Amino acid sequence: MRFEGRTWTVAALVGGQVRLTAENGEMAALLLSLLFAGEGFEVVDGPAARRVAPLGLLNSLPATVRERALAWEGHVREVETGHPGGSGEVGPARAEYDPEVRTLAQREEAKAAELSAAGLPTSAVTVRRMRARYRDGGVWGLVDQRTVRPRSALGRADERVVAALREVLEAGQERSSGTLGRLRMYTERLLAERYGPGAVALPSTATFNRLVHALADGRGLLGSARQRRWRSARPAPPFVPTTVMAPGELVMMDSTVMDIFVVLDDGVVERPELTIALDVATRSICAAVLRPKGTRSVDAAQLLAQIMVPAPMRPDWPEALAMERSVIPYERLQGMDARLEGAAARPVITPQTVVVDQGKVFVSSSFVAACGSLGISLQPAPPGNGPAKGQVERTFSSINTLFAQHVAGYTGSHTGERGRDAEGEAVWTLAQLDDLLQEWIVCGWQEREHDGLRHPMMPRRALSPNEMWAALVAVCGYVPVPLGREDYIELMPVRRQKINDYGIRIDYRTYDHKVLNPYRGQGSPAADGLWEIHYDPHDPVQVWVRLPKPDQPRGYEWEAVPWIHHTLVSAPFTDFTWQHVRRTVAQRGSRVSHEHDLALALRELLERVAAGHGTRRERVIVARARTAATDGAVWSTLYEQSEAEADEPGEDLFDDNEDDEEPSTNDGALSARPTEHTPLSSAPTGAVQEAGVPAPRRPQVTVYDPFEESLRW
């Protein structure tokens, strides 16, 4: 060792003292503590420390290589100690390896002769070298290092070819998928541009393909375009997970098209779009909105409102789905929030931060304003970066496997998995499927154990979302945020326009009421002079207008203005049905008469098919669309043509040119034909079965005729 500028050798250790000998023979004795604390103290040389053999690597070797190393260990031990098992072995040593009578060199010569006689030519120098390797590295030092030397996956490929191929693979991440032949062509072209034609030769096709897989496999450079885009959008590892400790601290929202066909109100069979909000801390589906394809900003805003409102128990749900029957501390929470009475077992969570993608629905001004009014921080994810909201993406996959695949009309995740007649299996309307989905969320998701909800101290115990919410709400507390009627109106889409003499016109629908009389033709107090109007595109029977009311605390009041023809059409309908009728009826005459014709056409269509008249195509469309009425009114009885007419040979259910169809009048508009009215209550059932669609299992309710009053009018 080096101490005080001189080199010393340790001669002895006595208690807490060390005795040192210098190079000139000088002796010194001092305390170990002083030696270690001395300036310039440094250990210069000493015996190598024994290291534990890497047993894990030893077990990964081929059996022949491992057995050879273990055999050499026995030979080395016998040379050094006289026993193959080491100095601890009991019994006399063999004469030629006895350390008492044979020197180490003699024992090495004897071992070399023994191995050579056994068919393994070995010299004493080799035995001496193996002893040194065993002393430095243990058993691992006796392994033939040529067998464990890492081999490059690229082999002996030209570095220029490797660099060009890697560049071509990275440049093609955003392109459509192609063959390996295209990669070879692009690589050859790049090499010719960079080094000249023929300067760098490509390997054979088989070698080139192996090189492609060596560079691309595991790096997301091959595969489908979707997988390559997902991999390229992923940030560079290592990944730091976001730690969420409270319900609502981080909520993710996203939309996807469900793999299910449903029957829309206009009879069209289409896949709906699902928008959900997922609480990351509890993995609870806080809310879900199911709409026809093309989610709007109002759907996302309504999703926010559903999160903070208890989910009510629906009439046909079993009592086991009630919150009071679940693991949620119902009694304690009900004392703080009376809205929980009669609620379903779904958590009520107030979001603090909402993560969304760059979809136009979630970055729209109305949704941003809704988040701001509710005190929610909006955090957009990077464009095209699915992993940034991986929890909600994985939840969509779970919904497909746990719910969607069991629904009639399931399409599969892609066309290769689709059945022969998936559209024909569709029997559920959008409202019915939404009812089934909401029920499944309560009983099939919230009560199911989730692998992502495991405590580090109890890794074998997975919790359900309701159990995790019950555990966290006891720590973080529960603060109800009630929403009133005005809050729901504020979350709806906004239009700014004038109030004319005839009222308010939105998409060929006129809304009017006597509350608008003082403001007709007048400008609003706003800077643009236009009035603020909120509407629900999924229920266009009324709109809401913000009117000034000085006597109110806020200085204004929301007034509901109905559609002037809302009594003309009493059957449930949506904006999509209206658009279908609008495209069907040709616009003639003035706007006022045209709008009246549209309302008459809608009433006439619904009345005619309900009474059993009209073309066969129209009857099939409405039979599918009216398997159940929207907003809780179930239509359990439908019309059906007589069996004699239905059994006519060669009749096409979708023939628009039947003989019984009368020509329309009124300048091209559909008009009501003078036919004998058949009440719904007396009409035979089975129209759904006549169309080849199995009827859904719905409870039978009292049947009424919704058109009787309008006919008298």
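Residues numbered from 1 in each chain as written. Predicted model: local features only at pLDDT ≥ 70, side-chain atom pairs only at ≥ 80, totals over all residues. Heavy atoms only, no water.

1. With respect to the overall build of the protein chain
Along its length, the protein chain carries 23 helices and 19 strands. When burial is assessed residue by residue, the protein chain has 42% of its 713 residues classed as buried. Across the protein chain, the fraction of contacts at a sequence separation of at least 24, relative to all contacts at a separation of at least 6, is 62%. Only carbon and sulfur atoms are counted for the fraction: they give 52% of the accessible area of the protein chain, which is about 38400 Å². (Helix = DSSP H or I, 4+ residues; strand = E, 2+ residues; numbered from the N terminus. Buried < 20%, exposed > 50% of the residue type's maximum accessible area, 1.4 Å probe, protein only. Contact = heavy atoms within 4.5 Å. Areas by Shrake-Rupley, 256 points an atom, 1.4 Å probe, with all protein chains shown as cover.)

2. Describing the sheet that holds strand β1 (residues 2-3)
Taken together, four strands build an open sheet; the order of strands is β1-β2-β3-β4 and the sheet is antiparallel. Since the sheet does not close on itself, it has two edges, and those belong to β1 and β4 (27-31), each with one partner. Pairing of strand β2 (residues 6-14) with strand β3 (residues 17-22) involves six bridges; the strand directions are antiparallel. Note that in β3 the partner of Leu13 across the bridge is Val18. (Pairing = 2+ DSSP bridges.)

3. Notes on the environment of Gln405
Tracing the sequence through the fold places Gln405 in the loop between α13 (390-402) and α14 (422-425). For the pair formed by Gln405 and Ile260, sequence separation is 145 residues and the distance between their alpha carbons is 8.1 Å. The contacts of Gln405, once residues within four sequence positions are left out, are Asn400 and Tyr410.

4. Brief notes about unusual backbone geometry
For Arg283, which is not glycine, the phi dihedral falls at a positive 60 degrees. On the basis of relative accessibility, which here comes to 16%, the residue Arg283 falls in the buried class. Unusually for a residue other than glycine, Tyr508 sits at a positive phi of about 65 degrees. Position of Tyr508 relative to the elements: it lies in the loop between β15 (504-506) and β16 (509-511).

5. Section: the pairing of strand β11 (residues 377-380)
As defined by bridge partners, strand β10 (residues 353-356) adjoins β11 across four bridges and the pair is classed as parallel. Residue Thr353 lies in a different strand from β11, and its bridge partner there is Ser377. After leaving β10, the chain enters helix α12 (residues 365-373) and then returns to the sheet as β11, a path that is right-handed. (Right-handed = clockwise from strand over helix to strand, strands pointing away.)

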